[in-house]
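Spelled out from the first residue to the last, the chains are:
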Amino acid sequence: MKRLVACVTFDFDAMSGLVARGLTSPTPVSRGEFGAVALPRILDLMDRFGIKTSFFIPGVVIGTYPKLCEEIVKRGHEVGHHGWTHVPPANLKPEQEEEDLVRGSELIVKLTGKKPVGYRSPSWDLSPHTLRLLLKYGFLYESSMMGHDHEPYRARTGDLVHADRAMEFGQPSPLIEMPISWSLDDFPHFEFLRLPTSVTPGLMNASGVLENWLDDFEYMRRTCDWGILTYTCHPYVIGRGHRMLMLERLLEGLVEKGAVFSTLEAAAREYDARVPFKA
Ligand SMILES: [Zn+2]
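Residues numbered from 1 in each chain as written. Predicted model: local features only at pLDDT ≥ 70, side-chain atom pairs only at ≥ 80, totals over all residues. Heavy atoms only, no water.

Provide a residue-level description of the side chain of Ser127, including the pertinent values.
Mapping Ser127 onto the fold places it in the loop between strand E4 (118-119) and helix H6 (130-136). Reaching out from Ser127, the side chain makes a polar contact with the side chain of Glu97 at a distance of 2.6 Å. Polar contacts involving the side chain of Ser127 include one to the main-chain amide nitrogen of His129, which spans 2.9 Å. In contact with Ser127, not counting residues within four places along its chain, are Pro89, Ala90 and Glu97. (Helix = DSSP H or I, 4+ residues; strand = E, 2+ residues; numbered from the N terminus. Polar contact = N/O pair within 3.5 Å; in protein donor to acceptor, adjacent residues only side chain to side chain. Contact = heavy atoms within 4.5 Å.)

See below:
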């Protein structure tokens, strides 16, 4: 029997992603602040569909919105690690990265009563040390890589990347990769962002994005008996009216296609049981 899992996950970044890009003036801060308006809408929608999912939250955001984060936990969702600040690990010094990983976990323990088992890097850019650190601190899964579309895999350590000759792949580790992609992330489709060196146009028509998102699930349905497809949304992005309607239609469409909804933790454990790690 087919079993097709949809993980509709949320990164509750609020203003942290904009602040990490140096956008600290009142307007970008307010732009992220809208995430706090949108979050209750999303929690209510998830309740209406009876879905428990995963929220990745940077430490600074837990500190900024403790009550909202408590509400996420109260409604039965998973809280995953999303850095201390929203600076991607690739831009952190190794000591800073480890310190941030530890204090982010400590704050999540205070919030939820248990250690986070999942990690998703801010802006999806791991450092050469991240996987080793996640293994050191006992994480079950990671969700920042794009090596498959709807099948988890074991994250490798020890890769050697050469510019001028064949790449040398390292060894798979017990850490489970729950792959993501920019095409299944709301941010690049919807957010207009003007930085000194780049412009992200965003502001796409939500119906077109919905069609792409449902078609990725449809492709998995036609080609697999088992798979896990992960969507990534941000409350301050998806929380605008026309996009909330799109999110609702996404959930309806996934239900129609026979999706089973899950947290990333449960989906990772399911993969672990199906494909046990062999050293
Ligand atoms: Zn984020």
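Tell me what's going on with helix H2 (residues 26-49), and back it up with residues and numbers.
Relative to the 34 Å expected for 24 residues at 1.5 Å per residue, H2 spans 36 Å between its end C-alpha atoms, a close match to the ideal helical length. The sharpest bend along H2 comes to roughly 35°, located at Ala38, with the proline Pro40 sitting one to four residues further on. Looking at H2, one finds that the buried residues are Pro28, Gly32, Phe34, Gly35, Ala36, Ala38, Leu39, Ile42, Leu43, Leu45 and Met46. Residues of H2 that are buried in the fold lie against strand E1 (3-11), helix H1 (16-20), strand E2 (54-57), helix H4 (66-74), helix H9 (235-238) and helix H10 (241-256). Following H2 by one or two positions, Gly50 adopts a phi angle in the positive range, close to 65°. (Expected span 1.5 Å × (residues − 1). Bend = angle between axes of the 7 residues up to and from the residue. Buried < 20%, exposed > 50% of the residue type's maximum accessible area, 1.4 Å probe, protein only.)

Tell me what's going on with the layout of surface pockets, and back it up with residues and numbers.
Approximately 390 Å³ is the volume found for the largest pocket. Lining the largest pocket are 15 residues; nearest its centre among them are Leu131, Met145, Arg156, Thr157 and Asp159. Contributing elements (two or more residues each) for the lining of the largest pocket: H6 and strand E6 (153-157). Looking at the lining of the largest pocket element by element, the count peaks at four residues for E6. Its residues placed into classes, the lining of the largest pocket shows eight nonpolar, four polar and three charged. As a volume, the second largest pocket reaches approximately 180 Å³. Taken together, the residues that form the lining of the second largest pocket break down as four nonpolar, six polar and four charged. (1 Å grid on protein atoms, 1.4 Å probe; cavity = no way out; pocket = protein on both sides within 12 Å on 5 of 7 lines; lining within 4 Å. Points joined across faces, edges and corners; volume = space filled by probe spheres on them. Nonpolar A, V, L, I, M, F, W, Y, C, P; charged D, E, K, R; others polar.)

Bear in mind that shape data such as this cannot, by itself, settle questions of function.
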